[in-house]
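# Working through the structure, step by step
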Amino acid sequence: MTNQSYIVFMNENTSQSGRPRSFDKEAVLDLMIPVFFENGFEGTSFPMLEEVTGLHRQSIRYAYGDKQSLFQFSVKRYGKNKLEEIRDILSNSERAIDGIKGVFAMWVRDINRETCRGCFLVATSSDRTLASDSDLLGSISQINRKIVGLLEETFHAARIEGDVVTELTDRQLAQQMLTIGDGAMALCQLPYAREIAVTIFESFCKQICN
């Protein structure tokens, strides 16, 4: 058991009814996401999840349901974390265009990590074994719509501030930006793709900025 997983459930309280003990469900999901990301839905087993969390299968299933439900919880948690990261960057920037560049910088930082595996949302969307799971794909679409909404608002603010000049609408800009980011994440394990992604990011900003 790792120190991290020990911290997650060391404060569990024993249930008098014999049911699995309580723990921080979101913190446990954060431990399981990398396992699903690395091995995929089909390649991930409950023993793997038990090892990384230090929890018994009964506790995991009681909290989240079967593996399909657990995977969807993990995707939603990952999407929520990514959405909050983007929101923080945008809201903490002095000017709207600085927020846009900050999100690009976040992607570049992620791409250049030696351990970069890309984006869990992108990987899940392209997994053919999950193509029939409409609920899962619907969750991913909802997360992407929220990200596009944040970017659209920011492009609108940047246009008002005079930093964005283009005939494209704010929504089109937001959709293009997310597509660029997703594409870069999908190819991040290829060394040449990292250089191309940086060039595309810079070109995109130059074309739209005043």
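For the structure given in this document, a descriptive report is provided here. (Residues numbered from 1 in each chain as written. Predicted model: local features only at pLDDT ≥ 70, side-chain atom pairs only at ≥ 80, totals over all residues. Heavy atoms only, no water.)

### A look at the overall build of the protein
Rule in force here: Secondary structure elements follow DSSP: runs of H or I no shorter than four residues count as helices, runs of E no shorter than two count as strands, and numbering proceeds from the N terminus. Only protein chains enter the area calculation, which uses a 1.4 Å probe; residues under 20% of their type maximum are buried, those over 50% are exposed, and those in between are partly exposed. For the area figures, the Shrake-Rupley method with a 1.4 Å probe applies, and any residue is considered shielded solely by the protein chains shown.
A tally of regular secondary structure across the protein gives 10 helices and zero strands. Mapped in sequence order, the helices and strands of the protein form the string α-α-α-α-α-α-α-α-α-α. The proportion of buried residues among the 210 residues of the protein is 42%. Summed over all atoms, the accessible surface of the protein reaches about 11,700 Å², with 49% contributed by carbon and sulfur.

### Things to note about the pattern of salt bridges
Quick note on the threshold: When a carboxyl oxygen of Asp or Glu lies within 4 Å of a side-chain nitrogen of Lys or Arg, that pair is called a salt bridge.
According to the stated counting rule, one finds 10 salt bridges in the structure shown. Ionic pairing is found between Arg 109 and Asp 110, a salt bridge with its closest N-O pair at 3.1 Å. Overall, Arg 109 belongs to the partly exposed group, its relative accessible area being 39%. Using a relative accessible area of 8% as the deciding quantity, one classes Asp 110 as buried. By sharing partners, the salt bridges in this structure join Glu 26, Asp 30, Arg 77 and Lys 80 into a single network.

### Structural notes on the state of the cysteines
To be explicit about the condition: Cysteine sulfur atoms that pair up within 2.5 Å are treated as a disulfide.
Counted by the stated rule, this structure contains zero disulfides. We note that Cys 209 lacks a disulfide partner, and the nearest cysteine sulfur, in Cys 205, lies 5.3 Å from it. By relative accessible area, which is 22% here, Cys 209 ends up partly exposed.

### Focus on helix H6 (residues 96–111)
Put simply, the rule reads: By this rule the span expected of a helix is its residue count minus one, scaled by 1.5 Å. Any two residues having at least one pair of non-hydrogen atoms within 4.5 Å are treated as being in contact.
With 16 residues, H6 extends 23 Å between its outermost C-alpha atoms, agreeing within 8% with the 22 Å of an ideal straight helix rising 1.5 Å per residue. All of the buried residues in H6 are Ala 96, Ile 97, Gly 99, Ile 100, Gly 102, Val 103, Phe 104, Met 106, Trp 107, Asp 110 and Ile 111. Those residues of H6 that are buried lie in contact with helix H5 (67–91), helix H8 (134–160), helix H9 (170–186) and helix H10 (191–208).

### Here we look at helix H3 (residues 46–53)
Test applied: This arc is taken over the directions from the axis of the helix to the C-beta atoms.
Among all positions of H3, only Phe 46, Leu 49 and Thr 53 are buried. Viewed along the axis of H3, the buried residues span an arc of 60°, placing them on a single side of the element.

### What to know about the environment of Arg 117
Summarising the element assignment, Arg 117 is placed in the loop between H6 and helix H7 (120–125). Separated by 70 residues in sequence, Arg 117 and Leu 187 have C-alpha atoms that sit 8.9 Å apart. What Arg 117 contacts, discounting residues up to four positions off in sequence, is Pro 34, Phe 37, Glu 38, Cys 188 and Gln 189.

### Quick word on a nonpolar patch on the surface
How we decide: Patches in this entry comprise residues that are over 30% relatively accessible and not in a salt bridge; like charges within 9 Å are linked, as are nonpolar side chains (Val, Leu, Ile, Met, Phe, Trp, Tyr) within 5 Å.
Among the surface-exposed residues, Leu 187, Leu 190, Tyr 192, Ile 196 and Ile 200 lie close enough to one another that they form a single nonpolar patch of about 450 Å² accessible area. Looking at the secondary structure, you find Ile 196 in helix H10. The class for Ile 196 is partly exposed, based on a relative accessible area of 42%.

### Some thoughts on the nonpolar core
Note the cut-off: In these notes, a set of buried Ala, Val, Leu, Ile, Met, Phe, Trp, Tyr and Cys residues joined through side-chain atoms within 4.5 Å is what counts as a nonpolar core.
Grouped together as the largest cluster of nonpolar side chains are 58 residues, with contacts concentrated most on Tyr 64, Leu 70, Phe 104, Trp 107, Phe 155 and Met 177. For Leu 70, the residues in contact, after removing those within four places along its chain, are Leu 29, Met 32, Phe 36, Phe 46, Leu 49, Ile 60 and Tyr 64.

### Considering the packing of helix H2 (residues 25–43) against H3
Note the following rule: All axes are obtained by fitting lines to C-alpha atoms, using only the stretch in contact for helices, and the reported angles, taken between N-to-C directions, cover 0 to 180 degrees. Angles are sorted into four bins: roughly parallel if under 35 degrees, roughly antiparallel if over 145, roughly perpendicular if 65 to 115, and oblique for all others. Handedness of a crossing is defined here by the sense of rotation of the near helix relative to the far one, left-handed for an anticlockwise turn of less than a right angle and right-handed for a clockwise turn. Residues are grouped as follows: Ala, Val, Leu, Ile, Met, Phe, Trp, Tyr, Cys and Pro are nonpolar; Asp, Glu, Lys and Arg are charged; every other residue, Gly included, is polar.
Contact geometry for H2 and H3: axes closest at 9 Å, N-to-C directions at 155°. For the element pair H2 / H3, the angle class is roughly antiparallel. Every pair of crossing elements has a handedness; the one defined by H2 and H3 is right-handed. Residues Val 28, Leu 31, Met 32, Val 35, Phe 36, Asn 39 and Gly 43 of H2 lie in contact with H3, whose contacting residues are Met 48, Leu 49, Val 52 and Thr 53. Its residues placed into classes, the contact of H2 with H3 shows eight nonpolar, three polar and no charged.

### What about the packing of aromatic side chains?
What counts is decided by this rule: By convention, a stacked pair of Phe, Tyr or Trp rings (six-membered ring in the case of Trp) has centres within 6.5 Å and planes under 30 degrees apart, an edge-to-face pair has planes over 60 apart, and any other such pair is tilted.
Counting across every chain of the model gives 12 aromatic pairs. Aromatic pair Phe 104 and Phe 204: ring centres 5.6 Å apart, planes at 70°, arrangement edge-to-face. Of this pair, Phe 104 sits in helix H6 while Phe 204 sits in helix H10, and the two are 100 residues apart along the sequence. Both residues of the pair, Phe 104 and Phe 204, count as buried. Ring centres of Phe 155 and Phe 204 lie 6.3 Å apart, and the angle between their planes is 75°; on these two criteria the pair is classed as edge-to-face. Note that Phe 155 is positioned in helix H8 and Phe 204 in helix H10, a separation of 49 residues in sequence.

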